Amino acid sequence: MARPTPERLRAALDDQLATLGEEPYAGPAARLADALIDAVVTAYATGAEPERAAARLAAKLLLDRLAGEAPGRSVEVRVPPYAAVQCVEGPRHTRGTPPNVIETDPKTWILLATGRLAWVDAADRITASGSRADLSAYLPVTPYSANDR
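Owing to the predicted nature of the structure, the values given are computational and were not obtained by experimental measurement.

Break down helix α1 (residues 6-19) for me, with residues and values.
The end-to-end C-alpha distance of α1, which contains 14 residues, comes to 20 Å, matching closely the 20 Å that a straight helix rising 1.5 Å per residue would cover. Turning to α1, its buried residues are L9, A12, L13, Q16 and L17. Buried residues of α1, seen end-on, are gathered within an arc of 135° and therefore sit on one face of the element. Exposed and oriented more than 90 degrees from the buried face of α1 are E7 and A18. G21 sits one or two positions beyond α1 and adopts a positive phi of about 80°.

Following this line, the structure appears as structure tokens:
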């Protein structure tokens, strides 16, 4: 998955912050991705829908972190319409639909990946098939943890 440019991250973050009634981001460039994810989570927490570009980038960033922390190709995680990654060590599929697929909407994925929603509590919002289709051991992704926020 191609990494978003700092300019795209900043534009999406500043648009999201403006929608939330906050000032443009003035923090370090190294923290742009985390600030964007935080702004999207804040939008959800207020009951608002985040800006589409911000939600798309947040979902992709968190999927990329999952794939980095749980490398492999035995599970495919789909967050339509934004992205999909393969992750988790184990038997690899080479063609067609993988045997272990997890699919959920962007809001559910972002809340799961940031520790705001537990895997068990999201069962009705996740479609999972296959014996390895359980990400609870890999969530939340770093640096997000419900205990840290």
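From this point, the discussion proceeds with the structure in view.
Residues and numbers for the pattern of salt bridges, please.
For the coordinates displayed, the defined rule picks out 4 salt bridges. Among the salt bridges present, the one from D38 reaches R31, with a minimum N-O distance of 2.9 Å. Assessed through its relative accessible area of 16%, D38 is described here as buried. Owing to a relative accessible area of 33%, R31 belongs among the partly exposed residues under this scheme. In this structure, R78 and E76 form a salt bridge, with 2.6 Å as the shortest nitrogen-oxygen distance.

Lay out the side chain of T108 in plain terms, naming residues and giving numbers.
Looking at the element boundaries, T108 is found in helix α4 (residues 106-113). Looking at T108, the relative accessible area reads 0%, which means it is buried. Engagement of the side chain of T108 in a polar contact is seen with the side chain of D105, the distance being 2.7 Å. A distance of 2.9 Å separates the side chain of T108 from the side chain of R125, its partner in a polar contact. With sequence-adjacent residues up to four places away left out, T108 is seen in contact with L117, A122, R125 and I126.

Describe the packing of helix α3 (residues 52-69) against α4, with residues and values.
Where α3 contacts α4, the two axes come as close as 10 Å, and the packing angle between them is 50°. Overall, the two elements α3 and α4 adopt an arrangement that is oblique. Judged by the sense of rotation from one axis to the other, the crossing of α3 with α4 is left-handed. Facing A55, A58, A59, L62, L63 and L66 of α3, the residues of α4 in contact are W109, I110 and A113. Looking at the contact of α3 with α4 residue by residue, the classes come out as 9 nonpolar, no polar and no charged.

Lay out the environment of P28 with the relevant residues and their values.
Its place among the elements puts P28 in the loop between α1 and α2 (32-45). Exposure remark for P28: the relative accessible area of 52% places this residue in the exposed category. Considered as a pair, P28 and G130 are 102 residues apart in the sequence and their alpha carbons are 41 Å apart.

Tell me what's going on with the nonpolar core, and back it up with residues and numbers.
Ranked by size, the top nonpolar core spans 46 residues in total, and within it L13, L36, L66, V77, W109, I110 and L135 carry the most contacts. Counting residues per element, the ones that place at least two in this core are α1, α2, α3, β1 (75-79), β2 (83-87) and α4. In this view, V77 contacts L63, L66, A83, A84, V85, C87, I102 and L135; residues no more than four positions away in its chain are not counted.

Basis of the calculations
Residues numbered from 1 in each chain as written. Predicted model: local features only at pLDDT ≥ 70, side-chain atom pairs only at ≥ 80, totals over all residues. Heavy atoms only, no water. Helix = DSSP H or I, 4+ residues; strand = E, 2+ residues; numbered from the N terminus. Expected span 1.5 Å × (residues − 1). Buried < 20%, exposed > 50% of the residue type's maximum accessible area, 1.4 Å probe, protein only. Arc of directions from axis to C-beta. Salt bridge = Lys/Arg side-chain N within 4 Å of Asp/Glu carboxyl O. Polar contact = N/O pair within 3.5 Å; in protein donor to acceptor, adjacent residues only side chain to side chain. Contact = heavy atoms within 4.5 Å. Axes fitted to C-alpha atoms, helices over the stretch in contact; angles between N-to-C directions. Parallel < 35°, antiparallel > 145°, perpendicular 65-115°, else oblique. Left-handed = near helix turned anticlockwise from the far one by under 90°. Nonpolar A, V, L, I, M, F, W, Y, C, P; charged D, E, K, R; others polar. Core = buried A, V, L, I, M, F, W, Y, C linked by side-chain atoms within 4.5 Å.

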